[in-house]
Number of protein chains: 2
Amino acid sequence: MASIKDVAAAAGVSVATVSRVLNDHPSVSAESRTRVMAAVAELGYRPNAVARSLRTDQTRTLGLVISDVLNPYFTELARSVEEEARALGYSVIIGNADERPELQDHHIRTLLDRRIDGLLLSPTDGGTPLMLDAARAGTPMVFVDRWIRGVDVPVVRADGQEAVRELVAHLHRLGHRRLAIIAGPAATTTGSERVAAFRAALAEYGLALPDAYTGQGDFQADSGRRVTEGFLDLPEPPEVIFAADNLMALGALDAIRARGLRVPDDVALAAFDDIPWFVHTDPPITAIAQPTGELGRAAVRALIDRIEGRAPASVTLPARLVVRRSCGEPSLPSPTRRSEP
Amino acid sequence: MASIKDVAAAAGVSVATVSRVLNDHPSVSAESRTRVMAAVAELGYRPNAVARSLRTDQTRTLGLVISDVLNPYFTELARSVEEEARALGYSVIIGNADERPELQDHHIRTLLDRRIDGLLLSPTDGGTPLMLDAARAGTPMVFVDRWIRGVDVPVVRADGQEAVRELVAHLHRLGHRRLAIIAGPAATTTGSERVAAFRAALAEYGLALPDAYTGQGDFQADSGRRVTEGFLDLPEPPEVIFAADNLMALGALDAIRARGLRVPDDVALAAFDDIPWFVHTDPPITAIAQPTGELGRAAVRALIDRIEGRAPASVTLPARLVVRRSCGEPSLPSPTRRSEP
DNA sequence: CCTCCTTGTGGAATCGATTACACCGATGTG
DNA sequence: CACATCGGTGTAATCGATTCCACAAGGAGG
C-alpha cells in the first residue's frame with residue numbers, strides 16, 4: 001500500500017508538502033498542489049488513518065455501547081447515531097453489551113484502547129468502576145436512554161412520565177383496575193423510572209401497585225414470559241400487563257398465548273418502546289413511543305460538543321402514547337389517537 | 001494518559017523490557033516482570049492500540065458491511081459475527097449500507113483507511129469498482145449472504161432452493177395455483193436466486209411465473225407495499241404472495257390489511273428470512289429460515305483463516321421451511337412441522 | 001584461565017503521518 | 001541599496017508502540 005513517501009517521490013516534493021496539500025494548508029503553490037494530486041490519483045493513495053491518529057491524537061471515531069442489539073429500539077438508536085455522526089465527519093464503533101456488565105466493560109475497554117474521541121453509553125447496570133473511572137479521567141462521554149446518578153455526564157433521554165399517565169388514564173377509562181408491570185433491572189434508570197411513573201400514575205386514580213403485581217424482568221423476552229406466567233398463576237391475576245420494554249412484551253404475549261388466553265379479552269397488554277412490528281402483532285399492541293431517532297442525533301451532537309470543547313447540554317424529550325388494540329375497545333370511537341408511525 | 005515510557009520510568013527499566021513483558025516474551029527476568037506489572041497496575045496503564053497497530057501493521061479488527069441494520073436478519077448476523085470474532089480475539093466495526101451503493105462504498109473506504117485486517121461483505125449491488133479493487137489488491141475478504149460472481153472471494157451463505165421447493169409443495173398442496181413473488185434487486189444474488197428457485201419449483205408443478213406476478217422490490221418494506229398493491233390491482237390477483245425478505249413481507253401485510261383483505265383467506269403470504277416476530281403477527285407467517293448465527297460464525301472463521309494465512313473455504317448451509325398459518329390450513333393436521341425457534 | 005553460549009537488557013530504528021523551525025528567493029519599504 | 005517580510009518548501013522531531021542488534025554478566029566447557 002502506497003505511503004505518503006511514495007507520493008512525495010512520485011510528485012518530486014517532500015512529504016511535508018504532500019501532507020500540506022492533503023490537509024489543504026494555504027501555503028502550497030498551485031504547481032505543487034496539482035503534481036501531488038496527480039501522484040495521489042496515480043498511486044491510488046489513501047492516508048493511513050492509524051498513523052494520522054497516532055500523530056494528531058484524535059481518531060474521529062465515537063464509541064457506542066448499547067445494552068442489546070437485538071432489541072429494535074436500540075438498533076434504531078444505533079442507526080440514527082451513526083447517521084448523525086457520519087454527517088458530522090465521525091465514524092461510530094458499536095459495542096453490544098447483551099445486558100451483561102462484563103461484556104459492557106469489555107467493550108468500553110477496547111474502545112478506550114483504540115483511543116476513540118468520545119463514548120456514548122446506555123449502561124446495563126448501576127455503573128462499573130471502569131466506566132466511572134473513564135468519566136472521572138475526562139473521557140468525553142454522554143449517556144443515552146439509560147444513565148447513572150451522581151456522575152457528571154450529560155444525559156440524553158426520553159421522559160415517559162406523561163405518556164405513562166396517559167396510558168393509565170386510557171386503561172382506567174377502559175375499566176381496568178388490576179394493573180401489573182414487568183419491570184426492568186432496578187439498577188438501570190429505565191428499569192426503576194418506569195415502575196415509579198407507573199406507580200405514581202396509578203396513585204392518581206387511587207390504585208395501588210401491589211408487590212405481587214410487580215414482576216422483575218431483565219429486558220429480555222424470556223423474563224417477560226416467566227413473569228407473565230407468575231402473574232397468570234396468581235389467584236387473582238391482573239387485568240392488564242404493562243411491559244417495560246418491547247422484548248418483555250413479546251415474551252408476555254407468548255406466555256399469554258401459550259395458556260390459550262386472548263388479548264385483550266382475557267388480559268390486556270401494553271409496552272414501553274414502540275416498534276414497527278407492534279402494528280402487525282395479533283392484536284396490534286398499544287405502546288409508548290420514544291422519539292428514538294431524535295434521541296440518537298441529540299446524543300451525538302452533545303458528545304461532539306463536548307469533544308470539540310463546547311459545553312454539552314443534557315436533553316430530555318417527551319415520549320408519547322400510541323393506542324392500538326391490545327388493551328381493549330378497538331379505539332374506533334376516537335380515530336384521532338390512532339396514530340401509526 | 002500514561003504511555004509505555006511512563007511505565008518504563010516507574011519500573012526503572014527500558015521501554016523494550018516493558019514491551020517484552022506486555023507481549024510475554026520469554027527472556028525477561030522474573031524480577032523485571034513483577035516490577036513492570038506493578039508499575040502497570042499503579043499507573044492504570046493500557047497500551048495504545050493505535051500505536052501498536054501502526055507498528056505491527058495489524059489492527060485485530062474486522063469490518064462488516066451489511067445492507068440494512070434495521071432488518072432483523074442482518075442484526076442477528078451482525079451479532080453472531082461480533083460474538084465469534086470476539087471469541088477469536090478480534091473486534092468488529094459494522095457499517096450499515098442502507099441498501100445504497102454509495103453508502104456501502106463510503107464504509108468500505110473508511111474501513112480500509114483504518115487498516116482493518118479483513119472485510120466481511122454483503123454487497124448491496126453487483127459490485128462497485130472500489131470493492132473489486134480491494135479484492136484484487138489482496139484485502140482479506142469474505143462474502144456473507146449475498147455475493148458477487150467472478151470474484152475470487154470465499155462465500156458463506158444459505159442455499160434456499162430446497163426450502164423454496166418445500167414451500168411451493170406446501171402451497172400447491174393447499175390448492176394455490178396463482179403464485180406471485182416480490183423479488184429483491186436483480187443485482188444482488190439473493191435478489192435473483194430466490195426468484196430463480198421459486199420459478200424452478202413452480203415449473204416442477206407445471207406452473208408458470210408470469211411477469212405480472214413478478215414484482216420488483218428493493219428489500220425494504222415500502223417496496224413490498226407498492227408491489228403488493230400492484231398485484232391486488234390485477235384483474236386476476238395472485239392467491240399467494242411470496243416476499244423475498246422479511247421487510248417486504250411486512251409491507252405486503254400492510255398493503256393487504258389496508259385493503260381490508262384477510263390473510264390467508266383472501267391472499268396467502270410467505271416470506272424468505274424468518275424472524276422472531278413472525279410468530280406473533282396476525283396471522284403467524286410461514287417463512288424460510290436461514291441458519292443465521294451459524295452463517296455469521298462460519299464467515300468469521302473463513303475470514304480469519306484467510307487473514308492468518310490458512311486457506312479459507314466457501315460454506316453453504318441449507319435453509320429450512322417453517323410452516324405457520326399465513327398460507328392457509330392452521331397446520332393442525334401435521335403437528336410435527338409446526339416448529340418454532 | 002580463556003573462549004563461547006546463554007540470558008537479560010537497553011539503545012535506536014521503524015511504522016506513516018503532522019508540524020515546528022529553518023531557509024531561500026522574491027518583493028516591498030525606508 | 002540595505003533590510004524586513006512573506007510565500008513556499010524541506011529537514012527533522014514527534015506520537016507510542018515493537019523489535020533488531022549490540023552488549024554485559026555469568027556459567028559451561030576445553
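What you are looking at is a predicted structure, and each value in this text was computed from that prediction instead of being measured.

Peer 1: Can you explain the overall build of chain A? Please cite residues and give values.
Peer 2: Of regular secondary structure, chain A possesses 12 helices and 12 strands. Relative to a compact globule of 341 residues, whose C-alpha radius of gyration would be 20 Å, chain A shows 25 Å and is clearly more extended. When its C-alpha atoms are laid out on the principal axes, chain A stretches across 85 × 40 × 35 Å. Across the 341 residues of chain A, 54% fall into the buried class. For chain A, long-range pairs separated by at least 24 residues make up 68% of all intrachain contacts whose partners lie at least 6 apart in sequence. A total of about 14,100 Å² of accessible surface is found on chain A, and carbon and sulfur atoms cover 52% of it. Of the side-chain charges in chain A, 38 are positive and 44 negative, and the distance between the mean point of each set is 5 Å.

Peer 1: Give a description of the pairing of strand E1 (residues 61-66) of chain A that names residues and reports values.
Peer 2: Residue and element names in this part refer to chain A. Among the six residues of E1, six are classified as buried, and the element is accordingly described as predominantly covered. Residues Thr-61, Gly-63 and Val-65 line one face of E1 and the alternating positions Leu-62, Leu-64 and Ile-66 line the opposite face, and both faces are buried. Of the strand pairs in this sheet, E1 and strand E2 (residues 91-96) are connected by six bridges, and their pairing is parallel. Of the residues in E2, the one forming a bridge with Leu-64 is Ile-94. Taken together, E1, helix H5 (residues 72-87) and E2 constitute a β-α-β crossover, and its handedness is right-handed.

Peer 1: Give a description of the packing of aromatic side chains that names residues and reports values.
Peer 2: Two aromatic rings are characterised by how far apart their centres lie and by the angle between their planes. Under the definition given, this model contains seven aromatic pairs over all chains. Consider the rings of Tyr-73 of chain B and Phe-74 of chain B, whose centres lie 5.0 Å apart with planes at 70°: the pair is edge-to-face. Grouping residues by exposure puts Tyr-73 of chain B and Phe-74 of chain B together as buried. Here a set of aromatic residues connected by ring pairs shows up, and it is made of Trp-277 and Phe-278 of chain A together with Trp-277 and Phe-278 of chain B. In this structure, Arg-60 of chain A packs its charged tip against the face of Tyr-90 of chain A, placed 4.4 Å from the ring centre.

Quick notes on the rules
Just so you know, the residues in each chain are numbered from 1, in the order the chain's sequence is written. Chains and ligands are labelled sequentially in the order written, the chains with letters from A and the ligands with numbers from 1. Only residues with pLDDT of at least 70 get local features here, since the model is predicted, and only at 80 or more are side-chain atom pairs given and counted; chain-wide, interface and lining totals rely on the full set of residues. Water and hydrogen atoms were dropped before computing side-chain values, which therefore reflect all heavy atoms in the structure. Secondary structure elements are taken from DSSP: a helix is a run of H or I of four residues or more, a strand is a run of E of two residues or more, and numbering for both begins at the N terminus. Atoms counted for the radius of gyration: C-alpha only. Globule rule: 2.2 Å times residue count to the power 0.38. For the exposure calls, accessible area comes from a 1.4 Å probe over protein chains only, and a residue counts as buried if that area is under 20% of its type's maximum, exposed if over 50%, partly exposed in between. A contact between two residues is defined here by any heavy atoms of the two lying within 4.5 Å. What sets the accessible areas is the Shrake-Rupley method with a 1.4 Å probe; for residues, cover comes only from the shown protein chains. We score Asp and Glu as negative and Lys and Arg as positive, and we do not count His or the chain ends. Think of each charge as sitting on NZ of Lys, CZ of Arg, CG of Asp or CD of Glu. The criterion for strand pairing is that DSSP finds at least two bridges linking the strands in question. Here is how to tell: hold the view so the strands point away, follow the path from the first strand over the helix to the second, and if it runs clockwise the crossover is right-handed. Aromatic rings from Phe, Tyr and Trp, with only the six-membered ring used for Trp, were paired whenever their centres fell within 6.5 Å, and each pair was classed as stacked if the ring planes differed by under 30 degrees, edge-to-face if by over 60, and tilted otherwise. Charge over a ring is defined by NZ of Lys or CZ of Arg lying within 6 Å of the ring centre and within 35 degrees of the ring normal.

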